[in-house]
Amino acid sequence: GFHYLQKLNAPSVPTDLIHKGQNRVIEASLTLIRERAKLKGELVRALGGAAASSSLLGVPLGHNSSFLQGPAFAPPRIREAIWCGSTNSTTEEGKELKDPRVLTDVGDVPVQEIRDCGVDDDRLMNVITESVKLVMEEAPLRPLVLGGDHSISYPVVRAVSEKLGGPVDVLHLDAHPDIYHAFEGNKYSHASSFARIMEGGYARRLLQVGIRSINHEGREQGKRFGVEQYEMRTFSRDRDFLENLKLGEGVKGVYISIDVDCLDPAFAPGVSHIEPGGLSFRDVLNILHNLQGDVVAADVVEFNPQRDTVDGMTAMVAAKLVR
């Protein structure tokens, strides 16, 4: 309705009326995240605190996808799979997810409700950034963001870097480098998120692992920004290095971004861009389990429930990545 109103350019509706309404919706959205984060932070501290507690924040955004927009529906499906009764709530390393000192949840940024008010992507990205900062303000909560398409990584990494006061090292697992300058003219495209991150100086090192769909621009952009790109065609050679990473020294910590399509589609068919020849699930877990570094935030993105199997196999894969 707001978009139609703007097309009509109705002179009887003052522009400031729309802007004030948009601001109220944005403030209400941020208030919800703020209060939920406060509550969860207080709960963790009352239980004796923790060095760090992962806190789920959903960002159900799909409109910056270049092919399918199904990732917008992923966060609730991932949550459902995390707590599915078919498995227990303990991680492989023995952490109990039902313990708030290990995992909390502050809900979703209401992306569609904000967009329905006519808010553009510049302001929407700012809302995502501010939402992440609100979580980080409640020590010891650290944001573990559920996407959504990969465009969300830019405002999330920006928030982490700005809040901590400096760049981070980024470990990015993906079939694609997502580093186009502006894919199809969209600077916020899910295929351009890491160009925005590197331009902003939010990452010192960017390691991209699992790459197997990269063109000339992807390689040239990688060289331009000094990205360390590890392609699947040489994974057997790089395996020992990648399974023994030490990151984050001299910067504000480590950020992990996992695009579910880093996995071979045999393990995760529910993605928009099916690209054979990827990592096995155990390859990914080995990289994550052996990583040495202070992980300050992370995201799991690009799960597309609309392409998942009937039994929700990829939802369970995304949930296991969260665990």
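Higher on the page you've got the structure.
Here the structure is a predicted model, which is why all the values come from computation and not from measurement.

A. Structural view of helix α10 (residues 281–290). For α10, the full list of buried residues reads F281, D283, V284, L285, I287 and L288. Looking at the buried positions of α10, the neighbouring elements they touch are β4 (168–173), β5 (203–211), α9 (235–242), β7 (254–259) and α11 (313–322).

B. Summary view of the pairing of strand β6 (residues 228–231). The sheet contact formed by β5 and β6 spans four bridges and is parallel. Its bridge partner lying in β6, Q208 is registered against Q229.

C. View of the sheet that holds strand β2 (residues 103–108). Taken in spatial order, the eight strands make up an open sheet running β2-β1-β3-β8-β7-β4-β5-β6, and their pairing is parallel. Of all strands in the sheet, those bounded by a partner on one side alone are β2 and β6. The average angle at which neighbouring strand axes cross in this sheet is 15 degrees, direction not considered. Alignment of β4 against β7, held across five bridges, turns out to be parallel. In the sheet register, L171 faces β7, and the bridge partner there is I256. Sheet strands touched by helix α3 (residues 74–82): β1 (53–59), β2 and β3 (141–147). Its angle to β3, the strand with the most contacts, is close to 115 degrees.

D. Region of interest: the packing of aromatic side chains. Across all of its chains, the model carries four aromatic pairs by this definition. An angle of 25 degrees between the planes, with centres 6.3 Å apart, marks the rings of Y154 and Y188 as stacked. Of this pair, Y154 sits in helix α6 (residues 153–164) while Y188 is found in the loop between β4 and α7 (193–199), placing the two residues 34 residues apart along the sequence. With respect to burial, Y154 and Y188 carry one shared label: buried. Seen in terms of ring centroids, Y154 and Y202 are 6.4 Å apart; in terms of plane orientation they differ by 50 degrees. Their pairing is tilted. With Y154 in helix α6 and Y202 in the loop between α7 and β5, this pair connects stretches of sequence that are 48 residues apart. Taking the relative accessible area as the measure of exposure, Y202 reaches 14% and is therefore buried. Cluster of aromatic residues (ring-pair linked, three or more members): Y154, Y188 and Y202.

What counts and how
Residues numbered from 1 in each chain as written. Predicted model: local features only at pLDDT ≥ 70, side-chain atom pairs only at ≥ 80, totals over all residues. Heavy atoms only, no water. Buried < 20%, exposed > 50% of the residue type's maximum accessible area, 1.4 Å probe, protein only. Helix = DSSP H or I, 4+ residues; strand = E, 2+ residues; numbered from the N terminus. Contact = heavy atoms within 4.5 Å. Pairing = 2+ DSSP bridges. Axes fitted to C-alpha atoms, helices over the stretch in contact; angles between N-to-C directions. Phe/Tyr/Trp six-rings, centres within 6.5 Å; stacked < 30°, edge-to-face > 60°.

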